[in-house]
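Listed here are the chains, written in short residue letters.
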Amino acid sequence: MSENAMGSTMVEEQFSLGERALALARDFAAHKKKAGGMPTAWLEKTMWSLGLEVHQQQFSHTLPFPDESRERYLVRGTNVYGILRAPRAASTEALVLSTGCAPGPHNNQAVGLLLALASYFRGQIYWAKDIIFLVNEHDLLGMEAWLEAYHDVNITAVRSSGPLGRAGAIQAAISLELSSDVVTSFDVAVEGLNGQLPNLDLLNLFNAFCQKNGLLCTIQGKLQRSDWDSLPAYARSLQTLLLMVLAQASGRPRGEHGLFLRYRIEAVTLRGINSFRQYKYDMSTVGKTLEGMFRKLNNLLERLHQSYFFYLLPSLSRFVSIGVYMPAFGFLILVLILRALDLWMKLNKTDPGGSDQLSDSDHGPSTTEVGETPPAPPGAPSRLLLTLCPQAPRLLALVPPVLVCHAAGLALYYLPVLGQSVATQHFPVSEAEAVVLTLIAIYVAGMALPHSTHRVLGGPGSVAAARGWMVLKLLALLYLAAQLTALALLNFSLGFLLAVTMVPAAAATAPTGPRVLLALVLVLATPAVTLLLGIFLERELVEAPAAPGEGWQRFLGALGQGLLLHHLHGAFLCPLLALGTYPCWLLLWNVLFWD
Amino acid sequence: MLALAVPLLLLAAAGRGRAAAAGPGRDALREELLLSPLPAGDVAATFQFRTRWDADLPRGAVSHYRLFPKALGRLVAALGVRELHLALTQGFWRTQAWGQPPLQAPAGAELWVWFQPSVTDVDKAWKELSNILSGIFCASLNFIDATNTVTPTASFKPLGLANGTDHHLLRYAVLPREVVCTENLTPWKKLLPCGSKAGLAVLLKAERLFHSSYHSQAVHIRPICRDASCLAVSWELRQTLTVVFDTFSSGQGKKDWSLFKMFSRTLTDACPLASQSKVYVDISPKNKEKELLEVTPLPTSVYEAIVQGDKRSYAVYDLLSPSLFNTSRSLNVQFKWKRPEDSSEMPIPVLHAQRYVSGYGLQTGEISTLIYNTHPYRAFPVILLETVPWYLRLYVHTLTIITKGKENKPSYIHYQPAQDRRQPHLLEMLIQLPANSVTKISIQFERALLKWTEYPPDPNHGFYVGSSVLSALVPSIIAMKDMDVEESPLFTSLFPSSDGSSYFVRLYTEPLLVNLPTPDFSMPYNVICLTCTVVAVCYGSFYNLLTRTFHVEEPSRGGLAKWLANIIRKFRGVPPL
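Within an unreviewed UniProt entry, the label attached to chain B reads Phosphatidylinositol glycan anchor biosynthesis class T, and the organism entered is Strigops habroptila.

By the naming in an unreviewed UniProt entry, chain A is GPI-anchor transamidase component GPAA1, taken from Strigops habroptila. Quoted verbatim from the Function (unreviewed entry) heading of the UniProt record, the comment on chain A is "Component of the glycosylphosphatidylinositol-anchor (GPI-anchor) transamidase (GPI-T) complex that catalyzes the formation of the linkage between a proprotein and a GPI-anchor and participates in GPI anchored protein biosynthesis. Binds GPI-anchor." According to the UniProt record, the Subcellular location (unreviewed entry) comment for chain A reads "Endoplasmic reticulum membrane".

Next up, the structure:
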């Protein structure tokens, strides 16, 4: 652990209200059943009697289209939270313990444990930061509503009621999921929205307390093997690593903690697992672990900043740092750059006209990315324009494909959600299906575009047209390289997955050569197919392989969820693929069918 | 001097019981403890020690100090202080749960001082004063400098006698980061005439006082009228200390309390130097119900008054009355709830406020203040004072004040923009609060990049923005009577009430913790910086040396003379020099 303030583990945890937690959980379950949802009044009363300052927040949200997997469209809910005010502190800093109120028997024990911990924490005198105990409804939607209201921002269209009780800047948050009276192990989820990760120290903290209390802990549902230096252990680590890459690349928060990260609040989700193992742990042990973590977080003098924010985890106790994985990615991007350099030199060499003019005009698309007339240097604009005139038609030929590809991207981004009502009127499908099917239809239709675009201006066969694909490819390669580099800084896993699939295909694409084979490679490299393959790989890795039909269903579900995630929480995966990667891929597709 | 005076007085006290009868040029001490159960179930204990001295301090004629502490007296005389208010606070008074405070102070250290009109260089005197106080109270008041000092124009008026209110003589500063602990309490206790040896001060045991939810100690010095005719000036020193005990966590959910439970001491006698020594217990019934509480032992008397717009009754224990210690040797006030409180309904104070930073990211943000007026039918104005450090660059054009969905135009605005590293932002506004309303005041800011040496050792902790101050005359529901200041208990008499229909309230909001963009101060960063610097310097100079060509420059001598000589030579037909 890098953080000094969380260093030594000298204190003895005293939490012993395991039975109380279970009793509270049963109470909660009964009241939840009676209320047919969140038992707001009961929660408020209980929290108040525990000595907390209780607040509630009502929110409502209308989804852009019905969410079929969770069966919701117009969402109304209430978040209830209690604030434990730290003595002799001015409410400048806070910690959050949150748990969701899920329908059915799910997550009752988590609420029970949360209340028991609140009751125990209230009696302690050592708190220096306020602690917020939050029970939120409608999982991520409730969390989003609460976080937005707490920070008084409005990113999404959530409407929520009135002003809230606040407790200063939140330093760290732990989200708890627990559905059984005893647990065999704890799974920790780190990936947040857009693949953001919490500081590694928070994870180390959890790991340290699991070790201390003898609790089994897993990541991605995989237990670390004790014989870490053997081949099966390496295979296990690889599996875990790949699962993390896939989860991070999806940009989907893997727990309710995922939304905290946007506000620079370090957060993880802890998920109690009850499997068929022999040895079970009771609530007191779980409570002690959480107590220890909160005491350590309470000791923090500064925000967690000492350790890594960018890492990949092959197991809970080992990590791959950014310094190790970034060079590998750099080499991948180097392929694109070298290929682009090669094209540029070829263009320079085979130019029939004056080489000086050509280098000027070739330089244009590479720097301005749109491939229009290159910007003339100041001084002699008119003279330069005259000399460039012979080149202009060749560059003009690039404008339609670029524009059309981006128009296709725009259509892909806007049409599915805007056109859902039209689609449901004309076809016998539900709104959610309509959105997903429109998405696929536009995606596939985009592939038919190259046949009609570049022929509009300058027929094929001329010398300029033959060289046109080179310029277009040069442009596409540099565009792709820039996108992937930027992406790898934001969400490494996504950037890496796209790079691994797209870079070879992009480098190989040319209208000459075995066109069918190249077309196949390029189709395999398209983001949609990558997503489909990623779903199959993920099922394979969690040892529940999916049949093709099931995989397809999951693929459709993932498309819908991806769109929802963008519209509800502002995930950038959907606009990025629709407005950036897909047009770029279409440019390459254009190159392939240039003649 | 004090050492001589004390035995004498002790003799007198033994003889008469009341030692310090007020005579001309004499000083008198009154001590008082107010215990009030708070709506949320906690207990607030407010100690007040008032030393009144019928002498004119700043004239410099005084050299003999009796009860008035010499350190403060000489300070007042030497630096031309007219009024001094210093508060050191740990924690935050939660107005919403605890009700209107008798005397609130912002978290950290607060100092505001009015200087005499005779002081020429106020800034110098202020600097000197804060440094001396820093020594006296063992607090980091020496960190008060131009970057956190402001001169409010409307929020802080003199509390004592004052001829003019030229606000240039006022200085105000808050140090929100200041941590208050026993080292600040000890010098504060030493200023008391009886120390912590006798009287109410016996209860001031550090280990209990800091086992509380809120701790605030203050010193107020001000000139007051000597008598009703107000022809002469007396000086008053008030030492107040407020603690809030959390009865919930200490009593395992039961809210009963006693002096012994809270302070682990009981009272045995009054301070022999005090002319008055009383304990007040607030026994006014809440929720208009029958009395639910029981106080033992039986109080000496019951005092009824209208405090902060509310009719209250207090059980009074006069430590100087001989009947009190007849039955038992010590006084341990006990307080029992007759039946457990079960409602979560709490009376909401008429005026309360909340402040927070909104937004996310490290570039911009917004400071929002919510002010609540819960009075059912009366609107009243409130003065808001915001002091924001310079490294949050306020955008004044984004200042919005919204009440009930409509814009609320302040009737008075005083804004003094910040200067980097010189002075903070000062924003003062007079806002009318309509009845039963919430007013939201928000202003956006940009976070500045500091120079790398300006970051504190813990830059990732964040930077504090001091509490903003709300001053208001809150309309009272019940008409108040004018009281004689000398006769009424101390806790009602610090703030002057203008008339019977309203009472003065000063509230402080939460301090804020704002993160600024912080460079990576970790080792790799430093190594990279250092290496780059070394490489740049070495490479630069080497490159310079290697690529430079050296020429021997012809020395040019005598500009004008040479020119003249050349002209002459030209005429002569000789080649020029």
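After that view, the rundown keeps rolling.
### Details of the overall build of chain A
A count of helical and extended segments in chain A gives 21 helices and 11 strands. For chain A, with 595 residues in total, the buried portion stands at 55%. A separation threshold of at least 6 residues defines the contact pool for chain A, and within that pool the share at least 24 residues apart is 80%. For chain A, the computed accessible surface area is about 24,200 Å², with 63% contributed by carbon and sulfur atoms.

### Focus: helix α8 (residues 322–349) of chain A
The end-to-end C-alpha distance of α8 of chain A is 40 Å, a good match for the 40 Å that 28 residues give at a rise of 1.5 Å each. All of the buried residues along α8 of chain A are Tyr325, Phe329, Leu332, Ile333, Leu336, Ala340, Leu343 and Leu347 of chain A.

### Structural notes on the pairing of strand β17 (residues 380–388) of chain B
Here is the key point about a regular strand: its side chains alternate between the two faces of the sheet. All names here are of chain B. Counting buried positions over the nine residues of β17 gives eight, a clear majority of the element. Strand direction decides the pairing type here: β17 and strand β21 (residues 425–433), joined by nine bridges, are antiparallel. Note that in β21 the partner of Phe380 across the bridge is Leu433. Where β17 meets strand β24 (residues 469–475), four bridges bridge the pair, whose relative direction is antiparallel. Bridge assignment links Ile383 to a residue of β24, and that residue is Ser471.

### Digging into the pattern of salt bridges
Residue and element names in this part refer to chain B. Counting across every chain of the model gives 25 salt bridges over all chains. Among the ionic pairs, Asp54 bridges to Arg52, the shortest N-O distance being 3.2 Å. Accessibility assignment for this pair places Asp54 and Arg52 in one class, buried. Asp420 is the salt-bridge partner of Arg393, the closest N and O atoms lying 2.7 Å from each other. Taken together, the positions of Arg393 in strand β18 (residues 392–403) and Asp420 in the loop between β20 (412–416) and β21 put the pair 27 residues apart, joining distant regions of the chain. On the accessibility criterion, Arg393 (29% relative accessible area) is partly exposed.

### A short note on the nonpolar core
Soluble globular proteins tend to pack their nonpolar side chains together in the buried interior. Core analysis: the largest hydrophobic core is formed by 149 residues, its most contacted members being Leu113, Phe133 and Leu270 of chain A. The element contributing the most residues to this core is helix α16 (residues 463–490) of chain A, with 14 residues. Mapped onto the domain boundaries, this core takes at least three residues apiece from domain 1 (17–316) and domain 2 (327–349 + 395–593) of chain A. For Leu270 of chain A, the contacting residues outside a window of four places in its chain are Ile174, Ser175, Leu176, Glu177, Phe186, Asp187, Val188, Phe206, Leu290 and Met293 of chain A. Ala45, Val174, Val180 and Met262 of chain B belong to the second-largest nonpolar core, a separate cluster that totals 90 residues.

### Describing the state of the cysteines
Within the structure shown, the criterion is met by two disulfides over all chains. With a sulfur-sulfur separation of 1.7 Å, Cys194 of chain B is cross-linked through a disulfide to Cys271 of chain B. On the sign convention where negative means left-handed, the S-S torsion of about 65° between Cys194 of chain B and Cys271 of chain B marks this disulfide as right-handed. Here Cys194 of chain B is found in the loop between α5 (182–190) and α6 (206–209), whereas its partner Cys271 of chain B is found in the loop between α8 (259–263) and β10 (274–282), with 77 residues between them in sequence. Both residues of the pair, Cys194 of chain B and Cys271 of chain B, belong to the buried class. Taking only the cysteines that form disulfides and numbering them from first to last, chain B has the pattern 1-4, 2-3. With no disulfide of its own, Cys217 of chain A has Cys210 of chain A as its nearest cysteine by sulfur position, at a separation of 3.7 Å. Among the cysteines around Cys538 of chain B, which has no disulfide bond, Cys532 of chain B carries the closest sulfur, lying 12 Å off. According to the relative accessible area criterion, Cys538 of chain B is partly exposed, its value standing at 38%.

### Re the packing of aromatic side chains
One pass over the full model with this rule turns up 40 aromatic pairs over all chains. Arranged with centres 5.4 Å apart and planes meeting at 35°, the rings of Trp53 of chain B and Phe68 of chain B form a pair that is tilted. You can see Trp53 of chain B sitting in strand β2 (residues 43–53) and its partner Phe68 of chain B sitting in the loop between β2 and α2 (70–79), a full 15 residues away along the chain. Assessed through its relative accessible area of 4%, Trp53 of chain B is described here as buried. Measuring from ring centre to ring centre gives 5.2 Å for Trp93 of chain B and Trp98 of chain B, while their planes differ by 80°; the resulting arrangement is edge-to-face. We note that Trp93 of chain B, like Trp98 of chain B, is buried. Aromatic rings pair up to connect Phe15, Tyr120, Phe121, Tyr126, Trp127, Phe133 and Phe294 of chain A into one cluster. The lysine or arginine in question, Arg295 of chain A, covers the ring of Tyr126 of chain A, its NZ or CZ lying 3.7 Å from the ring centre.

### Digging into helix α5 (residues 200–213) of chain A
Residues and elements named next belong to chain A. Here α5 contains 14 residues, and its C-alpha end-to-end distance of 20 Å stays within 8% of the 20 Å for a straight helix at 1.5 Å per residue. Within α5, 10 of the 14 residues are buried, which leaves it mostly tucked inside the rest of the structure. Among all positions in α5, only Leu200, Asp201, Leu202, Leu203, Leu205, Phe206, Asn207, Phe209, Cys210 and Asn213 are buried. Of the residues that open α5, the one with a side-chain oxygen 3.0 Å from the backbone nitrogen of Asp201 is Asn199. Note on α5: the residue one or two positions beyond its end, Gly214, has a positive phi of about 70°.

### Considerations on the domain arrangement of chain A
Residue and element names in this part refer to chain A. Partitioning chain A into domains gives domain 1 (17–316) and domain 2 (327–349 + 395–593). Summarising the inter-unit geometry, the C-alpha centres of domain 1 and domain 2 are found 36 Å apart. In total, about 2,600 Å² of surface goes out of reach between domain 1 and domain 2, with carbon and sulfur atoms giving 67% of it. Among the residues domain 1 hides against domain 2, the three largest losses belong to Phe65, Asn194 and Leu246. Together they make up 26% of the total. Our enumeration of links across domain 1 and domain 2 arrives at one salt bridge. Residues Glu543 and Lys222 are paired through a salt bridge, measuring 3.5 Å at the closest nitrogen-oxygen approach. Linking domain 1 with domain 2 are nine residue pairs in polar contact (both at pLDDT 80 or more).

Definitions and limits used
Residues numbered from 1 in each chain as written. Chains lettered and ligands numbered in written order. Predicted model: local features only at pLDDT ≥ 70, side-chain atom pairs only at ≥ 80, totals over all residues. Heavy atoms only, no water. UniProt positions renumbered as here; feature names shortened; annotations may be inferred. Helix = DSSP H or I, 4+ residues; strand = E, 2+ residues; numbered from the N terminus. Buried < 20%, exposed > 50% of the residue type's maximum accessible area, 1.4 Å probe, protein only. Contact = heavy atoms within 4.5 Å. Areas by Shrake-Rupley, 256 points an atom, 1.4 Å probe, with all protein chains shown as cover. Expected span 1.5 Å × (residues − 1). Pairing = 2+ DSSP bridges. Salt bridge = Lys/Arg side-chain N within 4 Å of Asp/Glu carboxyl O. Core = buried A, V, L, I, M, F, W, Y, C linked by side-chain atoms within 4.5 Å. Domains from an automatic or database assignment. Disulfide = S-S within 2.5 Å. Phe/Tyr/Trp six-rings, centres within 6.5 Å; stacked < 30°, edge-to-face > 60°. Lys NZ or Arg CZ within 6 Å of the ring centre and 35° of its normal. Polar contact = N/O pair within 3.5 Å; in protein donor to acceptor, adjacent residues only side chain to side chain. Buried area = accessible area lost by both parts, 1.4 Å probe.

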